[in-house]
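What the coordinates show
Single-letter residue listing:
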Amino acid sequence: MSYFALAIGTASRNKEGKIIEAWYPEPLLNPSDDLMTGIDEVIKLKGGNEVFVLEKSQMNPLAGHLAAAGHKLSAEFCRAAESSHQTLLMVALESDSAPSSVAEGFLKLHLISHRRVKPHGCSLDGLFGLLHNIAWTNEGPIDLPELAERQIEARLSGRTLSVDCVDKFPKMADYVVPSGVRLADTARVRLGAHIGEGTTVMHEGFVNFNAGTDAVSMVEGRISAGVMVGDGSDVGGGSSIMGTLSGGGKVVVSLGKNCLLGANSGVGIPLGDNCTVEAGLYITAGTKVTLLDDNKQAVKTVKARDLAGQAGLLFWRNAETGRVECLTNKAAVELNRELHSNN
Amino acid sequence: MSYFALAIGTASRNKEGKIIEAWYPEPLLNPSDDLMTGIDEVIKLKGGNEVFVLEKSQMNPLAGHLAAAGHKLSAEFCRAAESSHQTLLMVALESDSAPSSVAEGFLKLHLISHRRVKPHGCSLDGLFGLLHNIAWTNEGPIDLPELAERQIEARLSGRTLSVDCVDKFPKMADYVVPSGVRLADTARVRLGAHIGEGTTVMHEGFVNFNAGTDAVSMVEGRISAGVMVGDGSDVGGGSSIMGTLSGGGKVVVSLGKNCLLGANSGVGIPLGDNCTVEAGLYITAGTKVTLLDDNKQAVKTVKARDLAGQAGLLFWRNAETGRVECLTNKAAVELNRELHSNN
Amino acid sequence: MSYFALAIGTASRNKEGKIIEAWYPEPLLNPSDDLMTGIDEVIKLKGGNEVFVLEKSQMNPLAGHLAAAGHKLSAEFCRAAESSHQTLLMVALESDSAPSSVAEGFLKLHLISHRRVKPHGCSLDGLFGLLHNIAWTNEGPIDLPELAERQIEARLSGRTLSVDCVDKFPKMADYVVPSGVRLADTARVRLGAHIGEGTTVMHEGFVNFNAGTDAVSMVEGRISAGVMVGDGSDVGGGSSIMGTLSGGGKVVVSLGKNCLLGANSGVGIPLGDNCTVEAGLYITAGTKVTLLDDNKQAVKTVKARDLAGQAGLLFWRNAETGRVECLTNKAAVELNRELHSNN
């Protein structure tokens, strides 16, 4: 019984009974055959990708199988769920096909944020259309058509209904806080973000879904959907990383290792390792960049897209001529080192 | 009985009994004569602009008149309010004069956010002075002089009093969520913002009061007080729109239709339709801009303020010379199209 | 009995009983000898820097001494605390040495945010290592190792556990709201920030700990850790102030009085009084700046670090040549005045 993913959790429903969001304490990637066989004894699996609403009586047997497979948190959840009045559900995905329900979509987003898969590592096709636009409030997620009535009820009862987000994606931290991270303002990190161990997302940082950092990064700028940032790279305050090659193409932008985007800078091309963009400079794919040799003499001028993915580049705008220049090789590495030291 | 606006809702008071904020589920612009006559039967209207604190016994009769006039949500509110212990109030404005109370001021802000009037479409004169600086908390709005005591009480009771905003304006979404919008981080949209049908305000977007979008826009930058953005225009990540002509004048800045402000760009002049500002470029009113013809040859240099409101402009900084240039007419439109396609 | 600081408040503990945060309604700098003598009658002080967990029976006597010394809020707190089930604590610091406990660290941060000391005015050495990385939630601070379990419990009980911040520093406004400020989005101001009387921090503003404003400022950009901004200076939308001299050195960056950082601009050098940086321009320490005389003729070119701390400078990038220029003296002051008038 080879499965792609398995998760047990709770869900919220709208007034029509439709599941509008789901939370899984411990989503599992490639659950073991033994576990799936055990689960099949409790809940008959038909195969394929399935979502089950669970009965309380099933929770204890499930807990036993999960504990036996070493999944402590899921087991703990199942045991505690025996006395819950919430909707309990299980999602079993035999394959990583496009999600076909809200519960599946949320599982995919959980898998990324739990670092079980990397961004682009599972299919999110059609996800946007599946998800409801929800009012995420201090009283839980509310399907938008029901919000007006809920506000009336709250206000007339003297309660404060705080609507913190109106979106298809909730903030990640309400669902997942992976190990070894700081997230100074969690409203800036969407569920489905991949925040690497050792990453700090400061107040001005932002990470979209299906995007994030590999490992240790200081994120004070914006990581658009789809973008990955390599270990040791810092995204400076207010800096911007476009999602795809700006001005054409479907190339997804990424940063290699040990890059530095200066404050208020930006890139519309992928960068290789050890690249630096000066504070305040925006490099789009169409920016004409003059390459300098080690003596800082101009060699030639190219469009930035031609430099996509190259390592060891340092981009700046010459403050005397206004020309966008790129220093390569040794000189760049040395300057990189100097700049990093004061990050 | 011709009236400018009518609204029924609830309010919060400070310890001295003064109304410090008010919420209306369905503010009405130009309520019908029939409705006002009906209301006059329940609550004797003297004419002019009036604020009434309502008795519970008045709510059911009011509900009847509101239902008869087709205002379902207000009627529903009135019926539910019969058993409420909150302050209930009605604001009837015969004319759109400067607001003279907190309840009126909040009504004006509601009218804009409910899209009953456009920004600049009603008088907000003196509003700033009327509004209290309030601590908006998870336990509701607290007048600032009372905050310290409330914190003591909360902390000693083991409760968490989260102070989310200390400002005269609350976040819009706690009062109004208009149809067809997404607001990724509602803390960035003030009550009194006009968010057009089809607009998404992303996490880095910001919309001040008396400002906003006409229809479909992707807002990832900052729309200052007073600014309106036309249908189809996108405000790129971290971009900035100044409130009035920078460096002089009272001209309010606006964007026409189908404009694109690139990421981290900015404007201090109004733009006509189909304009684009390159990522990272800030155009203030005083910026000297070199106009190019269709062959990209320099024609003349003007201050950006002289281009205010013109359509079909594309602004960029020449990456080889550092010169701020403006491409007009055909070439710009083509480039606009290309840039938009990757938005 | 000469003491540096004294504070009485409440604290949260993790499951192991360790104090992970503390709140003091009214931290006192240099408490009077009389007060300390009175307190010594209730709680035997050994001298040095001490943290005491208080008994309820001690609260009323403490209230008496605090009231006698004129500290109304602390007295009120102590009286109310008699019936509390929360952890009550007192911190008495004989000297301003490096904090050695969470309770002391939080006191130092309180002292700054209450404007009892200026940033850099007390020792925060080793603070970062002392503080726990905490999930700040609507159910209070939760030590990270306990979060997963709390989420399970909340979700299965139908409660919404909103995790708003995962960080060592909480948002200031939950602990301190000093007089005469507006904080449009409190998530952007860390405990330990010094927000001067008359300062407004708008939604895009940010103030780190041990940093802030002296008096009246409009903050719509980012004030990094350690940075101070002088009276009358405005930090424009999305602008960036680096924490230390960029590209080398330990010089802490600051702004003098009546400066203006334009929108999306930035500085990596300290500025003296009456300086202006044009919207969109980033000045790092290494930026080559061409100085102009009063006739706007180039005089010489220097690195920006050589201009650190000088007054009356206006920085811009020449839009015709791309050159970064600096206007000094009279011309700058006049231009400053013009620019400020439309702020």
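Residues numbered from 1 in each chain as written. Chains lettered and ligands numbered in written order. Predicted model: local features only at pLDDT ≥ 70, side-chain atom pairs only at ≥ 80, totals over all residues.

**Focus: the domain arrangement of chain A**
All names here are of chain A.
- Partitioning chain A into domains gives domain 1 (5-130), domain 2 (135-167) and domain 3 (172-340).
- Each of domain 1 and domain 2 has a C-alpha centre, and these two points are 27 Å apart.
- Taken together, the contact between domain 1 and domain 2 spans 5 residues of the former and 4 residues of the latter.
- Split by residue class, the side of domain 1 that touches domain 2 holds 1 nonpolar, 2 polar and 2 charged. (Domains from an automatic or database assignment. Contact = placed C-beta atoms within 7 Å. Nonpolar A, V, L, I, M, F, W, Y, C, P; charged D, E, K, R; others polar.)

**Describing the environment of C:Val267**
Residue and element names in this part refer to chain C.
- In this fold, Val267 is placed in strand β21 (residues 266-267).
- Linking Val267 and Leu327, residues 60 residues apart in sequence, is a C-alpha distance of 16 Å.
- In this structure, Val267 is in contact with Ile241, Met242, Val253, Leu261, Val277 and Ile283, ignoring residues within four places of it in sequence. (Helix = DSSP H or I, 4+ residues; strand = E, 2+ residues; numbered from the N terminus.)

**Let's talk about the relation of the copies chain A and chain B**
- Rotating chain A by 120° about the axis while translating it 0.0 Å along that axis superimposes it on chain B, leaving an RMSD of 0.0 Å. Considering both components of the superposition, the chain copies are consistent with a three-fold axis. Considering only C-alpha atoms, the part of chain A nearest the rotation axis is A:Gly322, at 2.2 Å. (Least-squares fit on C-alpha atoms with pLDDT ≥ 70 in both.)

**Quick notes on the relation of the copies chain C and chain B**
- For the match of chain C to chain B, the screw axis carries a shift of 0.0 Å, the RMSD comes to 0.0 Å, and the turn is 120°.
- Looking at the interface residues of chain C, only 18% of them are also at the interface in chain B, so each copy uses its own face.

**Topic: the sheet that holds strand β19 (residues 254-255) of chain C**
Residue and element names in this part refer to chain C.
- The 4 strands are arranged β10-β13-β16-β19 in an open sheet whose pairing can be described as parallel. In the strand order of this sheet, the two ends are held by β10 (193-194) and β19, each with one partner.
- Two strands pair when backbone bridges link them, and strand β16 (residues 228-229) and β19 are joined in this way by 2 bridges, in the parallel orientation. By the bridge assignment, Met228 is partnered in β19 with Ser254. (Pairing = 2+ DSSP bridges.)

**A look at unusual backbone geometry**
- Even without glycine at this site, B:Asn30 takes up a positive phi of about 45°.
- Mapped onto the secondary structure, B:Asn30 falls in the loop between β3 (28-29) and α1 (33-42).

**Some details on the packing of helix α6 (residues 147-156) of chain B against helix α3 (residues 72-81) of chain C**
- Contact geometry of α6(B) with α3(C) gives a least axis separation of 10 Å together with a crossing angle of 30°. Judged by the inter-axis angle, α6(B) sits roughly parallel to α3(C). The element α6(B) and its partner α3(C) pack so that their crossing is right-handed. Seen from α6(B), the contacting residues are B:Ala148, B:Ile152 and B:Leu156; seen from α3(C), they are C:Leu73, C:Glu76, C:Phe77, C:Ala80 and C:Ala81.
- Across the contact of α6(B) with α3(C), the residue classes tally to 7 nonpolar, no polar and 1 charged. (Axes fitted to C-alpha atoms, helices over the stretch in contact; angles between N-to-C directions. Parallel < 35°, antiparallel > 145°, perpendicular 65-115°, else oblique. Left-handed = near helix turned anticlockwise from the far one by under 90°.)

**Overview of the sheet that holds strand β23 (residues 282-283) of chain A**
Residue and element names in this part refer to chain A.
- Here we have 5 strands laid out as an open sheet, ordered β12-β15-β18-β21-β23, and parallel in their pairing. Looking at the sheet topology across the chains shown, the edges are occupied by β12 (206-207) and β23.
- Bridge count between strand β15 (residues 222-223) and strand β18 (residues 240-241): 2 bridges; the pairing is parallel. Its bridge partner being in β18, Arg222 is matched across the sheet by Ser240.

**Here we look at the interface of chain C and chain B**
- Contact residues are listed per partner, giving 40 residues for chain C and 43 residues for chain B.
- Broken down by secondary-structure element, the contributors of at least two residues to the side of chain C that touches chain B are α3, β9 (182-183) and α7 (329-340) of chain C.
- When residues in the side of chain C that touches chain B are grouped by element, the largest group, 5 residues, is from α3(C).
- Considered class by class, the residues forming the side of chain C that touches chain B number 16 nonpolar, 15 polar and 9 charged.

**Concerning the pairing of strand β26 (residues 314-317) of chain C**
Residue and element names in this part refer to chain C.
- Of the two faces of β26, both are covered, the one formed by Leu314 and Trp316 as well as the one formed by Phe315 and Arg317.
- Examined bridge by bridge, strand β22 (residues 276-277) and β26 share 2 bridges and lie parallel to one another. In the strand pairing of β26, Val277 is matched with Phe315.
- Strand direction decides the pairing type here: β26 and strand β27 (residues 324-327), joined by 4 bridges, are antiparallel. Bridge pairing in β27 places Arg317 opposite Val324.
- Once β26 ends, the chain turns through 6 residues before running back antiparallel as β27, passing Gly322 with a positive phi of about 80°. (Buried ≥ 20, exposed ≤ 12 C-beta atoms within 10 Å, placed from the backbone.)

**A look at the nonpolar core**
- Membership of the largest hydrophobic core comes to 318 residues, with the highest contact counts inside it found for A:Phe315, B:Phe315 and C:Phe315.
- Sequence-distant contacts of C:Phe315, that is, excluding residues within four places in its chain, are made with C:Val277, C:Glu278, C:Leu281, C:Ile283, C:Val289, C:Val324 and C:Cys326. (Core = buried A, V, L, I, M, F, W, Y, C linked by C-beta atoms within 7 Å.)

**Brief notes about the interface of chain A and chain B**
- Counting residues at the interface gives 43 residues for chain A and 40 residues for chain B.
- Those elements giving two or more residues to the side of chain A that touches chain B turn out to be α6 (147-156), β8 (163-167) and β24 (288-292) of chain A.
- Per-element accounting of the side of chain A that touches chain B gives the leading share, 6 residues, to α6(A).

**Examining helix α4 (residues 102-113) of chain A**
- Spanning 12 residues, α4(A) covers 17 Å between terminal C-alpha atoms, matching the ideal 16 Å at 1.5 Å per step.
- Most of α4(A) sits inside the fold, with 12 of its 12 residues counted as buried. (Expected span 1.5 Å × (residues − 1).)

**Structural notes on the pairing of strand β25 (residues 298-303) of chain B**
All names here are of chain B.
- Counting buried positions along β25 yields 0 of 6 residues, so the element is predominantly exposed.
- Bridging between strand β24 (residues 288-292) and β25 involves 5 bridges; their strand directions are antiparallel. Of the residues in β25, the one forming a bridge with Lys288 is Lys303.
- Counting the residues between successive antiparallel strands, the hairpin from β24 to β25 contains 5 residues, one of them, Lys296, with a positive phi of roughly 65°.

**Details of the confidence of the model for chain A**
- Averaged over all residues, the pLDDT of chain A is 95; the fraction at 70 or higher stands at 95%.
- Interface predicted TM-score (ipTM) for the complex: 0.95; the corresponding pTM is 0.96. (pLDDT = per-residue confidence, 0-100.)

**With respect to the packing of helix α1 (residues 33-42) of chain C against helix α2 (residues 56-68) of chain C**
Residue and element names in this part refer to chain C.
- The geometry of α1 relative to α2 is characterised by a closest axis approach of 9 Å and an angle of 170° between their N-to-C directions. The angle between α1 and α2 falls in the class roughly antiparallel. From α1, Leu35, Gly38, Ile39 and Val42 reach across to α2, where they touch Gln58, Pro61, Leu62, His65 and Ala68.
- Its residues placed into classes, the contact of α1 with α2 shows 6 nonpolar, 3 polar and no charged.

**So, helix α4 (residues 102-113) of chain B**
- Taken together, the buried positions of α4(B) are occupied by B:Val102, B:Ala103, B:Glu104, B:Gly105, B:Phe106, B:Leu107, B:Lys108, B:Leu109, B:His110, B:Leu111, B:Ile112 and B:Ser113.
- Where α4(B) terminates, the next one or two residues include B:Arg115, which has phi positive at roughly 60°.

**A few points about the environment of B:Glu26**
Residues and elements named next belong to chain B.
- In this structure, Glu26 sits in the loop between β2 (19-23) and β3.
- Expressed as a C-alpha distance, the spacing of Glu26 and Val181, which sit 155 residues apart in the sequence, is 18 Å.
- When near neighbours in sequence (up to four residues on either side) are disregarded, Glu26 contacts His71, Leu73 and Ser74.

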